[in-house]
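Residue-level structural notes
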Amino acid sequence: MTDIIAADIGGTNARFARASLDAQGVPTLGEIRKYKVADFSSLQACWAAFAAEEGGDLPKAASIAFATAIGRNVIKLTNSNWVIRPDTLDEELGLDQMRLVNDFEAVAHAVTRLPPENLPLLFGEDRPFPADGGVTVIGPGTGLGVAMIAYDDGVPHVIATEGGHLDFAPLDTMEEKILAYLRDKFLRVSVERIVSGPGLNNIYKAMATIGHERILLMEDAELWQAALEDSDPFARAAFDRFCLCYGAVAGDLALAHGPHAVVLAGGLTQRMRDLLPPSGFHSRFTAKGRFESLMKSVPIRLALHDEIGLFGAAAAFREKK
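Owing to the predicted nature of the structure, the values given are computational and were not obtained by experimental measurement.

**A word on a nonpolar patch on the surface**
Residues Leu255, Phe291 and Leu294 make up a contiguous nonpolar surface patch of roughly 230 Å² in combined accessible area. Tracing the backbone shows Leu294 in helix 10 (residues 292-297).

**Description of helix 11 (residues 308-315)**
Along helix 11, 8 of the 8 residues are buried, which leaves the element largely enclosed by surrounding structure. Considered for burial, the residues of helix 11 that qualify are Ile308, Gly309, Leu310, Phe311, Gly312, Ala313, Ala314 and Ala315. Where the residues of helix 11 are buried, they touch strand 1 (2-9), strand 2 (13-21), strand 3 (27-29), strand 5 (61-66) and helix 3 (103-113).

**Re unusual backbone geometry**
Phi at Leu187 takes a positive value of approximately 70 degrees, unusual for a residue other than glycine. Tracing the sequence through the fold places Leu187 in the loop between helix 4 (173-186) and helix 5 (197-211). With a relative accessible area of 70%, Leu187 lands in the exposed category. Positive phi values are uncommon outside glycine, yet His212 reaches one of about 55 degrees. Within the secondary structure, His212 sits in the loop between helix 5 and helix 6 (220-229). Look at His212 and you get exposed, because its relative accessible area is 73%.

Rules and cut-offs
- Along each chain, residues carry numbers from 1 onward, in the same order as the chain's sequence is written.
- Totals for whole chains, interfaces and linings use all residues, but because this is a predicted model, local features are given only for residues with pLDDT of at least 70 and pairs of side-chain atoms are given and counted only at 80 or more.
- In computing side-chain values, all of the structure's heavy atoms are included and hydrogens and water are not.
- Patches here: salt-bridge-free residues with over 30% relative accessible area, like charges joined within 9 Å, nonpolar side chains (Val, Leu, Ile, Met, Phe, Trp, Tyr) joined within 5 Å.
- Surface exposure here means Shrake-Rupley accessible area, sampled with a 1.4 Å probe, where a residue is shielded only by the protein chains that are shown.
- A carboxyl oxygen of Asp or Glu within 4 Å of a side-chain nitrogen of Lys or Arg is what we treat as a salt bridge.
- Helix and strand definitions follow DSSP, with helices as H or I runs of at least four residues and strands as E runs of at least two, each counted in order from the N terminus.
- Three exposure classes are used, based on accessible area relative to the maximum for each residue type with a 1.4 Å probe and protein chains only: buried under 20%, partly exposed in between, and exposed over 50%.
- Should any heavy atoms of two residues lie within 4.5 Å, those residues are counted as being in contact.

Treat this as a map of the structure, not an account of what it does.
Printed below as a string of structure tokens:
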């Protein structure tokens, strides 16, 4: 067994845990500790809080997932003010070994280690991941995470992407109006402006403005709760539109990666599990013109794990040293 610290650093929350890796690289997580990113000035300060709470001697190896692109001299988190300098981070954190990965790269690593019962089928044909070909991993959170698993003779190779920052493509008159509304706010409208946790609120406000509707302004978490519980009709209408857009974007990315399989991941999608099948998600996923029949066959699975980012960060540790 190899003992490490796994960390999942998002735009809203930072999660840490000790993790033990078996000979196949499958992690077992210890107690998970969660912190609000906004409560700390830096990763180092948050790490110190974790170390103090955890107590004892920490492992000198870590695998850390960040909600942004990796591979630059200075890493700026997409949705927070933390700045990371990879060249000095290991020394600053007191580590001998360190692996840094994109947050959805970590999720994709988790998918390669999850047992079949944690990957139930939502849509399409019930068949295994391809021996050769791409699997799209996607999920809305603070932003829109996208990664790809490229299988080569049955061996998975995880590829980080920034697919959430593709341009949003409207598919009907309402979405054209939503796009015009959001262009006034953001100029460029990426798919994560719509298919993400905050994206639901963007849709909600846009549709209200377009329809001259009087609505109750809500924080993102409150709006999601109202939409999922169907306690506010207009929140539910915005959610229905969200599902259409989510399906369309997932289908576009599947085509780009090679439409062999798709895995939907993250806490929001798990909360949507029972609402996705009756929604317009799959009709939009499959509405790809000449490729419609092919898209109908593509397996779309749901990744089930309460701490998939941490699990995946730990799983990624042995991929590269």
